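Here's the letter readout for the chains.
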Amino acid sequence: MHHERSIGGARRWLAATTSVAALCAGATPAFAQAAGQDQSARIERLEAELKSVEAELSAIRASQAAAPIAASAGPASGQLAAAPPIPSSKSAGGDDGGAASVALGGGRPTFRTSDGNFTATLHGVVQLDAAQYDQDKAGPIATDLRRSGPALGASASNIDLTHARQLKDGDVFRRARIGLDGTVYGDWDYRLLFDFAGSGVENTGQLYESWVQYSGLRPFKVRLGAFAPSIGLDDQGSTNGIPFLERAVSSDLARGLAAGDTRTALQVFATGDHWLASAAVTGKTIGVLNTGTATAVAQTYSDQLGFVGRLAASPFHGKDWLIHVGVHGSYVDRAANASGPGTNGATALTSAVIALSNTEELRVDGTKLINTGNIDAHHADTVGVEFAAQKQNFFLQSEYEHFDVKRSDGIASPNFNGYYVYGTWILTGEARKYNSQTAAFDAPPVKHPFSLKNGGWGAWEVGLRYSEMDLNYDPGAPGTYQTGSAIRGGQTKDINAALNWYINPVVRFMLDYQHVKIGRLSPAANAAQASTLWFTPEGAQIGQSYDVVSVRSQVAF
């Protein structure tokens, strides 16, 4: 447009100059003849310049048709100014997809083409936890019998004689994640997420999620890569919005058997407004180098093969209330082969094992106080049921889990059970959001973000949870050695009270109080193990009770 205005102006200036020249020519014949000669030369020069400008304008138009150039962006304010266009699926096929926009919805930078076929959203999560444990003062191991370590497969290297007697006061970055997700060519979704946090100590960093998903067969979707396959309410609730610092022990163990974080999987699922159905084939979890042990996860001789499924629905619902029900489960068809063939070519039964262990609903200290150890196993499975009810700002949720392990050593196969139930009340009146894509509940919206200037106080929530998990199987009586098919993995009973302050949709602070009671008999199977591994009397109580106060500071977008 600028060049077109320049051409028009040149033409008008040329006409005016010609008119003036003609008037002057009428004044005197001699002068007119000389002026006419000068004017002709001037006109020829102007026409040459005009042709040059027109050629330049044609070249610019051709360049714009081949590669569109957007105007430079101005200062950002909520919705950022237009950035240089990103080719869309249409432009890839020869049509112009239009310029891309950049927005900061919920604090997340999102890039989007005008046709919506290409998007990219940057995500970040930082959770810093700090805790103070209140437990009995540590004494000599001869009299202070609190221990942690595996019930089966115990050795001098994996029995911890110290941490159970002095759990760590301090802090840990529980999650420190950064990643990108979005859409390509309309029907394909993707995510790439890295995590640099840990349990007890931070990790060196690892690939946490990496998957691609085809969403063009609605309502069906197919996802392939590393992610957490759907196996329950607690599992699918976002850790950015769960009312307690950690999931309940029972649901954490269920998700870790064949699902859970960093699991490689192929999942097919379908969703509606009030239902979800999913099925997945799963493999290993992504290996990582941990700064706490400074050892890498070893390559196996065959990875685990598992299956995970879930059916969930909210069949009863109204304007301000909802009831959710569901069933889920997993099956390990083949445990990972960790040792390979022996010198005689045969593979030992101990090469494939199933192990269940957990840290008590807090990760500032990473000590696992309940632990079955390695169970020689052909197969293992879980079955769980889920229930939730919501009425305005009141919320109730519960899940029950049953575990079975099919042993390969001919000994009786064990089973274990656990459950949790919790309720929350949002004091400021908001209600937790039901996510139909995950059939789980997320954090409440914050109607009035905290602001001293505008008078908002954010959203406040209180919660109370009770949970149990029993990893004992045929444990025997106190004062006796572990014998036969017995597994003394321990039983935990946890009470957790929470106060959560949602400053705004990005920032949250959490205050938790937890009372933990662990009952566990010494897994020593004979006098030698009692005196050289566990350093406990025969069948001694190695559990304990303690309290802990913890806080979390969170930024998530």
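This section reports on the structure supplied with the text. (Residues numbered from 1 in each chain as written. Predicted model: local features only at pLDDT ≥ 70, side-chain atom pairs only at ≥ 80, totals over all residues. Heavy atoms only, no water.)

## Some details on unusual backbone geometry
Link 1 in the chain: Here the bond from Arg-218 into Pro-219 is cis, since omega is 10 degrees, no more than 30 degrees from zero.
Link 2 in the chain: Secondary-structure assignment places Pro-219 in the loop between strand E8 (206–217) and strand E9 (220–227).
Link 3 in the chain: In the Ramachandran plot, Tyr-185 falls in the positive-phi region, its phi being about 50 degrees despite a non-glycine side chain.
Link 4 in the chain: With respect to the helices, strands and loops of the structure, Tyr-185 is situated in the loop between strand E4 (170–184) and strand E5 (188–195).
Link 5 in the chain: The partly exposed category is assigned to Tyr-185, whose relative accessible area is 49%. (Helix = DSSP H or I, 4+ residues; strand = E, 2+ residues; numbered from the N terminus. Buried < 20%, exposed > 50% of the residue type's maximum accessible area, 1.4 Å probe, protein only.)

## Brief notes about the pattern of salt bridges
Link 1 in the chain: Under the defined criterion, the tally for this structure stands at 16 salt bridges.
Link 2 in the chain: Notably, a salt bridge pairs Asp-129 with Arg-552, separated by 2.7 Å at the nearest N-O pair. On the criterion of sequence distance, the pair formed by Asp-129 in strand E3 (residues 119–134) and Arg-552 in strand E27 (residues 544–556) is long-range, its members being 423 residues apart. The same class applies to Asp-129 as to Arg-552, namely buried.
Link 3 in the chain: Notably, a salt bridge pairs Asp-320 with Lys-391, separated by 3.3 Å at the nearest N-O pair. Of the two residues, Asp-320 sits in the loop between strand E14 (305–317) and strand E15 (321–334) while Lys-391 sits in strand E19 (residues 375–391), which places them 71 residues apart along the sequence.
Link 4 in the chain: Among the residues examined, Asp-320 registers a relative accessible area of 30% and is labelled partly exposed.
Link 5 in the chain: Lys-391 sits in the partly exposed class, given a relative accessible area of 42%.
Link 6 in the chain: Linked by salt bridges that have partners in common, Asp-129, Arg-174, Glu-246 and Arg-552 make up one network. (Salt bridge = Lys/Arg side-chain N within 4 Å of Asp/Glu carboxyl O.)

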